[in-house]
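Report on the structure
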Amino acid sequence: MKLNGKEIKNKNIKTLMDIIVLYNYDIKNIAILVNDHVVKKKQWKSYRLSENDEIEIIGFVGGG
Amino acid sequence: MDKEFEIAGKKLKSRFFIGTGKLPTYKLIPDIIKKTGIEVLTVAVRRINPASKVENIMDYIPKNIIIMVNTSGARNADEAVKIAKIGSEISGSKWIKIEIEADTKYLAPDNEETIKATKKLVQEGFSVFPYITPDLITAKKLEKAGAAAIMPLGSFIGTNKGITCETLIKPIIQEIKIPVIIDAGIGRPSHAAKAMEMGASAILVNTAIAIAKDPVKMAVAIDMAVKAGRIAYEIGILAEREFAEASSPLTGFLKDKKNDKRNNKK
């Protein structure tokens, strides 16, 4: 599977929450897309990932 | 001057919106807010990489501040709509600044795609703030589409040239009933005052503050100019005159007109 465009391999990654924990993301201010669709926060724990999923983790930065 | 004004159903006191791009550190944000009383900030949406230990901008924005998510980076309406939805998911805010640029040299907004994105997002319940190249017809279409305000550019982003599009912005301010927020190009306090004297409802400034030697002080200076310009607009800006009109009474007792050689009679 891909995280922000980069290939990642880890057998322990089963759900979106696993990625958040493993990569130490701050869950407060992020949105997650799986294959271009927003997955709501309450589904992160239960959302099962499959091998070809493309995950994007999006947050805010300074901007005009 | 302390009168509140309304945008997208929110009552605001400050007519000064600030963009947070290019700031040397987000740590300045609370101080800028405290010293200017601004109520609206813009942010952009980007990938967050796992290893990044960079500052999280949200840690520096107080809860009472309205976050306007900017769709910069979008090249067409569909991308802008997508960014808007993601941004709103993160912030919980429905305020979206639509910025669609198909050009990288001038970052010129694509008015046509902006109208499309505005229609779509308004239908989905967003408060839409479209950033446009000043054009009255585009502004009318956006108003009809239900935009919350119109954001014409004063000059291109980051150019610090001021309100160079004055003749194109004036008719928008006159003809459009929703608020007009002049965005981009404002590089110094006098530009901000000019925008407000013209009758803009508010302005949005980013670069001039972010790259100033002292961003907090520059924000304060521009805030003063916004207030000054607004007060003058509310009182009524005087018309320009071609010839002098004495402001002190002419000395009536110097009666000898024959010796007065100042007259321009030929």
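Throughout what follows, the structure given in this document is the object of discussion.

Thresholds applied
Residues numbered from 1 in each chain as written. Chains lettered and ligands numbered in written order. Predicted model: local features only at pLDDT ≥ 70, side-chain atom pairs only at ≥ 80, totals over all residues. Heavy atoms only, no water. Helix = DSSP H or I, 4+ residues; strand = E, 2+ residues; numbered from the N terminus. Contact = heavy atoms within 4.5 Å. Areas by Shrake-Rupley, 256 points an atom, 1.4 Å probe, with all protein chains shown as cover. Phe/Tyr/Trp six-rings, centres within 6.5 Å; stacked < 30°, edge-to-face > 60°. Buried < 20%, exposed > 50% of the residue type's maximum accessible area, 1.4 Å probe, protein only. Lys NZ or Arg CZ within 6 Å of the ring centre and 35° of its normal. Core = buried A, V, L, I, M, F, W, Y, C linked by side-chain atoms within 4.5 Å. Axes fitted to C-alpha atoms, helices over the stretch in contact; angles between N-to-C directions. Parallel < 35°, antiparallel > 145°, perpendicular 65-115°, else oblique. Left-handed = near helix turned anticlockwise from the far one by under 90°. Nonpolar A, V, L, I, M, F, W, Y, C, P; charged D, E, K, R; others polar. Buried area = accessible area lost by both parts, 1.4 Å probe. Salt bridge = Lys/Arg side-chain N within 4 Å of Asp/Glu carboxyl O. Polar contact = N/O pair within 3.5 Å; in protein donor to acceptor, adjacent residues only side chain to side chain.

**Side note on the overall build of chain A**
Within chain A, the secondary structure is distributed over one helix and five strands. Dimensions of chain A, computed from C-alpha atoms along their principal axes, come out at roughly 40 × 25 × 20 Å. Of the contacts formed within chain A by residues at least 6 apart in sequence, a portion of 52% connects residues at least 24 apart. When the accessible area of chain A is evaluated, it comes to approximately 3900 Å², of which 48% is carbon and sulfur surface.

**Notes on the packing of aromatic side chains**
Note on aromatic pairs: each is described by the distance of the centres and the angle between the planes. Residue and element names in this part refer to chain B. The tally for this structure, following the rule as stated, stands at two aromatic pairs over all chains. Ring geometry for Tyr-106 versus Phe-156: centroids 5.2 Å apart, planes at 40°, classification tilted. Remark: Phe-156 occurs in the loop between β8 (151-152) and α5 (166-175) and Tyr-106 occurs in the loop between β6 (95-98) and α3 (111-123); sequence separation between them is 50 residues. Using a relative accessible area of 43% as the deciding quantity, one classes Tyr-106 as partly exposed. Lying across the ring of Phe-5, Arg-15 places its NZ or CZ 4.1 Å from the centre. Residue placement shows Lys-97 over the ring face of Tyr-131; its charged tip is 5.0 Å from the ring centre.

**Describing the nonpolar core**
Within the largest apolar cluster, 71 residues are counted, with the highest numbers of intra-cluster contacts made by B:Phe16, B:Ile61, B:Ile182, B:Ile203 and B:Ile222. By residue number, the principal contributor to this core is helix α2 (residues 77-91) of chain B, which donates seven residues. When near neighbours in sequence (up to four residues on either side) are disregarded, B:Ile222 contacts B:Phe16, B:Arg188, B:Pro189, B:Ala192, B:Ile203, B:Val205, B:Ala208 and B:Ile209. Membership of the second largest hydrophobic core comes to 17 residues, among which are A:Ile8, A:Ile30, A:Val34 and A:Leu49.

**Topic: the packing of α2(B) against α3(B)**
All names here are of chain B. At a closest axis distance of 8 Å, the pairing of α2 and α3 adopts a crossing angle of 40°. Comparing their axes, α3 and α2 come out oblique. The two elements α2 and α3 meet at a crossing, and its hand is right-handed. Between α2 and α3, the contacting residues are Ala-77, Ala-80, Val-81 and Ala-84 on the first element and Glu-113, Lys-116, Ala-117, Lys-120 and Leu-121 on the second. Classifying every residue of the contact of α2 with α3 by side-chain character gives six nonpolar, no polar and three charged.

**Regarding unusual backbone geometry**
Glycine aside, residues mostly have negative phi angles, and peptide bonds mostly take the trans form. For A:Asn24, which is not a glycine, the phi torsion comes out positive at approximately 60°. Considering the arrangement of structural elements, one finds A:Asn24 in the loop between α1 (16-22) and β3 (30-34). For B:Ala184, which is not a glycine, the phi torsion comes out positive at approximately 80°. Its location among the elements puts B:Ala184 in the loop between β9 (181-183) and α6 (189-197).

**As for the interface of chain A and chain B**
In this assembly, 25 residues from chain A lie in contact with 30 residues from chain B. For the pair chain A and chain B, the two sides together bury roughly 2200 Å², of which 57% comes from carbon and sulfur. It is A:Phe60, A:Val61 and A:Gly64 that lose the most area in chain A upon contact with chain B, and together they represent 34% of the buried surface on that side. Scanning the region where chain A abuts chain B turns up four salt bridges. Summed over the shared surface of chain A and chain B, the result is 17 residue pairs in polar contact (both at pLDDT 80 or more). Counting residues per element, the ones that place at least two in the side of chain A that touches chain B are β3 and β5 (54-62) of chain A. The biggest single contributor to the side of chain A that touches chain B is β5(A), with seven residues. Among the residues making up the side of chain A that touches chain B, the classes are represented as eleven nonpolar, eight polar and six charged.

**Some words on the pattern of salt bridges**
Enumeration according to the criterion identifies 20 salt bridges over all chains in this entry. For B:Arg47, the salt bridge identified is with A:Glu56, shortest N-O distance 2.6 Å. Placement of the pair is B:Arg47 in strand β4 (residues 40-47) and A:Glu56 in strand β5, with the two residues belonging to separate chains. A residue is classified by how much of its surface remains accessible, and B:Arg47, at 42% relative accessible area, is partly exposed. Of the charged contacts in the structure, one is a salt bridge between B:Glu234 and B:Arg230, with a shortest N-O distance of 2.8 Å. Residue B:Glu234 and its partner B:Arg230 are located together in helix α8 (residues 215-235), separated by four residues, close to a single helical turn. Several salt bridges converge on common partners, so that one network encompasses A:Asp26, A:Lys28 and B:Asp59.

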